[in-house]
Every structure is written in C-alpha cells, then in structure tokens.
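These are the residues of each chain, in order.
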Amino acid sequence: KNLFIFMQDHYPNRLDCVLITNLSTPVQIVLKMALSLISQEVRGKIHIIPNNPEERDKALSQLIDPSFIPYWLGGKDEWRFSPDVYYGQVTASDREGREYITTMPYHTE
C-alpha cells in the first residue's frame, strides 16, 4: 500500500498508459484489489486487457493503432526485439565485461 501511495504522490505524471494482458483469474482479482489503493487519476491510466479474443481486440483497438498491435495479441505487427540489431556487435569478452563491472565505483563498495 505504501508503495502505491508513494508512487502516486511523487510520480503521477510519469505514467501515460499501462496495458496489462494475459492475466490469470487469481492475478486479476489481486490486481483489482491493489488498484483500489491508488488514486482515480492513476487508476484511469491502467488498462487490464480482457483475455477473450473479441473483447481484447476491441479494447486494444481503442488504445493502439491496429497496425501496431502485436501478432501474439491477435494483431498484425510481427516485429520482434533483436538484441543483435539493437546493440550491434559485442566487442568485449565475458572476462572484460566482468572486470568492467567489478571495477566500477558503485559496484565495489
């Protein structure tokens, strides 16, 4: 409860919209109870997307341009994140990476 209060009091405008999908029934119940602890302003930015395909498509289409709805949610967008494309060629070895991490000031204290 304190976390929700802290976040809504200090960071209410950092959140534009959150879409939560593929929740089991028990998780939906817990989430709905947790949502009752936060302000109406923040609660209005959180959208729980139904699991039923027809209802899900309708809800997503109201919030997202249909061309950007992922294929795995019933949309047409087949884009997948690729670390190789995003990060490019890795130029350090595993040993160099471990050495870099252990010599950074905030990791060595």
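Residues numbered from 1 in each chain as written. Predicted model: local features only at pLDDT ≥ 70, side-chain atom pairs only at ≥ 80, totals over all residues. Heavy atoms only, no water.

Peer 1: Requested: an account of the overall build of the protein, with residues and values cited.
Peer 2: A tally of helices and strands in the protein yields 7 helices and 2 strands. Looking at the protein as a whole, 17% of its 109 residues are labelled buried. Across the protein, contacts joining residues at least 24 apart in sequence account for 51% of those joining residues at least 6 apart. Counting every atom, the protein has about 9200 Å² of accessible surface; 56% of that belongs to carbon and sulfur. (Helix = DSSP H or I, 4+ residues; strand = E, 2+ residues; numbered from the N terminus. Buried < 20%, exposed > 50% of the residue type's maximum accessible area, 1.4 Å probe, protein only. Contact = heavy atoms within 4.5 Å. Areas by Shrake-Rupley, 256 points an atom, 1.4 Å probe, with all protein chains shown as cover.)

Peer 1: Outline the nonpolar core, listing residues and values.
Peer 2: Counting 6 residues, the largest nonpolar core consists of L23, L31, L35, I38, V42 and I46. Counting 5 residues, the second-largest nonpolar core is a separate cluster that includes I49, L60, I69 and L73. (Core = buried A, V, L, I, M, F, W, Y, C linked by side-chain atoms within 4.5 Å.)

Peer 1: Kindly report on the confidence of the model for the protein, identifying the contributing residues and their values.
Peer 2: Interpretation of the predicted coordinates at a detailed level should be avoided for regions scoring low in pLDDT. For the protein, per-residue confidence averages 83 on the pLDDT scale, and 87% of positions sit at 70 or higher. The secondary structure element of the protein with the lowest average pLDDT is helix α7 (residues 105-108), at 58, and the one with the highest is helix α4 (residues 53-63), at 94. (pLDDT = per-residue confidence, 0-100.)

Peer 1: Kindly report on the pattern of salt bridges, identifying the contributing residues and their values.
Peer 2: This model, assessed by the stated rule, comprises 1 salt bridge. E99 is paired through a salt bridge with R95; the nearest N and O atoms lie 3.3 Å apart. Highlighted residues: E99 and R95, both in helix α6 (residues 94-103), separated by 4 residues, approximately one helical turn. The partly exposed category is assigned to E99, whose relative accessible area is 45%. (Salt bridge = Lys/Arg side-chain N within 4 Å of Asp/Glu carboxyl O.)

Peer 1: Which residues make up the packing of aromatic side chains, and what are the values?
Peer 2: Under the definition given, this model contains 3 aromatic pairs. Judged by centre distance (5.6 Å) and plane angle (55°), the rings of F81 and Y86 are tilted. Assessed through its relative accessible area of 45%, F81 is described here as partly exposed. The class of Y86 is exposed, set by a relative accessible area of 60%. On the numbers, 4.8 Å between centres and 90° between planes, the contact of Y86 with Y87 is edge-to-face. (Phe/Tyr/Trp six-rings, centres within 6.5 Å; stacked < 30°, edge-to-face > 60°.)

Peer 1: If you had to explain the side chain of R56 to someone new, which residues and values would you point to?
Peer 2: Within the secondary structure, R56 sits in helix α4. There is no salt bridge for the buried R56, and the closest opposite charge comes from D57, which lies 4.1 Å off by N-O distance. (Lys, Arg positive; Asp, Glu negative; His and termini not counted.)

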